[in-house]
Amino acid sequence: FPYTTLFRSPTVVTKALARYEILSRPSRALAVVDVSGSMDYMQDGVTRMAATAQAGDIAIRMFPANAQLGLWAFSVDLGEGTDYRELEPVARMDATEGDTDHRNKLLSRIDNLSSIVGGGTGLYDSVLAAYRSMQQSYDPASINSVILLTDGANDDPSSISLQELLDTLTREQDPTRPVPIITIGVTDDADTDVLEQISALTGGNSHFAPAPADIPKVFVGAISGRAG
């Protein structure tokens, strides 16, 4: 009955094989973390940044050795003429870097994020730059994605507008090089409507952490979805 019928269906078999092929591919992600001044706000004895660092620590340890992960931080004018700064490039977790490996370099960077907290939220330019970076360096053997965490709304007066961001993401999408943006909004200060639009447009999912204490659970849940 249903069992034999199910596996006689070419459509069902094709979909099952496609799903298996996707799940068997390693993750390749760029984590983009908000370090604007509001990330130092404290609630219930923990700051947003401390909870984010805890979440990042858990997530980095979860990734298998063949996964690739990079780390950017962003706030207004954080980089050299940009709102974002690369802290670690996208690389395999087990890649040797000096006397250590990429996983341990990432753990060290996450632990030190609080030292660069400050400034406004340079959201739109950072989102677009991260998307372009992952699309340009696309690895067809992996699931490529951007994981964005923020507790605010864009407040860089010199950045592109929201409409320009959405229009550019729409124009630059390539079905052969998909890069879903998985967004995580932290507290009610996050512009969740905008984050949902960004995720939906790129094929990702949007998540919400109501309080700093919720960040580790939400963050780990978000990355567990891999490509959204």
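Everything numeric here is computed off the predicted structure, so don't read it as measured data.

### Topic: the overall build of the protein chain
Phase 1: When helices and strands are counted, the protein chain shows eight helices and ten strands.
Phase 2: Within the protein chain, the fraction of its 228 residues that count as buried is 46%.
Phase 3: Taking as baseline every contact in the protein chain between residues at least 6 positions apart, the subset at least 24 positions apart corresponds to 75%.
Phase 4: Accessible surface for the protein chain amounts to roughly 10900 Å². Of this, 52% is attributable to carbon and sulfur atoms.

### Considerations on the confidence of the model for the protein chain
Phase 1: In this model, the protein chain carries an average pLDDT of 90, and 88% of its residues clear a pLDDT of 70 or more.
Phase 2: Note that pLDDT drops below 50 for residues 3-7; the model gives that stretch two contacts with residues more than four away or on any other chain.
Phase 3: Note that pLDDT drops below 50 for residues 12-23; the model gives that stretch five contacts with residues more than four away or on any other chain.

### Points about the nonpolar core
Phase 1: One finds Leu69, Leu113 and Phe219 to be the most contacted residues of the largest nonpolar core, which totals 35 residues.
Phase 2: Elements with a contribution of two residues or more to this core: strand 1 (27-34), helix 3 (48-62), strand 4 (68-74), helix 4 (102-111), strand 8 (143-150), strand 9 (181-186) and helix 8 (215-224).
Phase 3: With 24 residues, the next largest nonpolar core counts Tyr124, Val127, Ala129 and Leu195 among its residues.

### Let's talk about the sheet that holds strand 10 (residues 206-209)
Phase 1: Spatially, the six strands line up as an open sheet ordered 5-4-1-8-9-10, and their pairing is mixed. The open sheet is flanked by strand 5 (84-92) and strand 10, the only strands paired with a single partner. The sheet shows a mean angle of 15° between the axes of neighbouring strands, taken without regard to direction.
Phase 2: By the bridge criterion, six bridges tie strand 4 to strand 5 in an arrangement that is antiparallel. Across the sheet, the residue bridging to Phe74 is Tyr84, located in strand 5.
Phase 3: Across the sheet, helix 7 (residues 192-202) touches strand 8, strand 9 and strand 10, and the angle it forms with strand 9 is around 165°.

### Some points on unusual backbone geometry
Excluding glycine, residues mostly carry a negative phi; peptide bonds, for their part, are mostly trans.
Phase 1: If you check the backbone angles, Asp44 has positive phi at about 55° while not being a glycine.
Phase 2: Mapped onto the fold, Asp44 is located in the loop between strand 2 (42-43) and strand 3 (46-47).
Phase 3: Given the relative accessible area of 71%, Asp44 is considered exposed.
Phase 4: Of note in the backbone geometry, Thr187 takes a positive phi value of approximately 65° without being a glycine.
Phase 5: A relative accessible area of 4% places Thr187 in the buried class.

### So, empty space enclosed by the protein
Phase 1: Under the criterion given, the structure shown has two cavities of 30 Å³ or more.
Phase 2: In this structure, the largest cavity occupies an estimated 130 Å³ of space.
Phase 3: As for the largest cavity, its lining consists of 16 residues, and the residues nearest its centre are Ala31, Gly56, Ile60, Leu69 and Phe219.
Phase 4: When contributions to the lining of the largest cavity are tallied by element, the ones reaching two or more residues are strand 1, helix 3, strand 4, helix 4 and helix 8.
Phase 5: Residue contributions to the lining of the largest cavity peak at five residues, all from helix 3.
Phase 6: A class-by-class count of the residues in the lining of the largest cavity yields 13 nonpolar, three polar and no charged.

Rules used in this analysis
Residues numbered from 1 in each chain as written. Predicted model: local features only at pLDDT ≥ 70, side-chain atom pairs only at ≥ 80, totals over all residues. Heavy atoms only, no water. Helix = DSSP H or I, 4+ residues; strand = E, 2+ residues; numbered from the N terminus. Buried < 20%, exposed > 50% of the residue type's maximum accessible area, 1.4 Å probe, protein only. Contact = heavy atoms within 4.5 Å. Areas by Shrake-Rupley, 256 points an atom, 1.4 Å probe, with all protein chains shown as cover. pLDDT = per-residue confidence, 0-100. Core = buried A, V, L, I, M, F, W, Y, C linked by side-chain atoms within 4.5 Å. Pairing = 2+ DSSP bridges. Axes fitted to C-alpha atoms, helices over the stretch in contact; angles between N-to-C directions. 1 Å grid on protein atoms, 1.4 Å probe; cavity = no way out; pocket = protein on both sides within 12 Å on 5 of 7 lines; lining within 4 Å. Points joined across faces, edges and corners; volume = space filled by probe spheres on them. Nonpolar A, V, L, I, M, F, W, Y, C, P; charged D, E, K, R; others polar.

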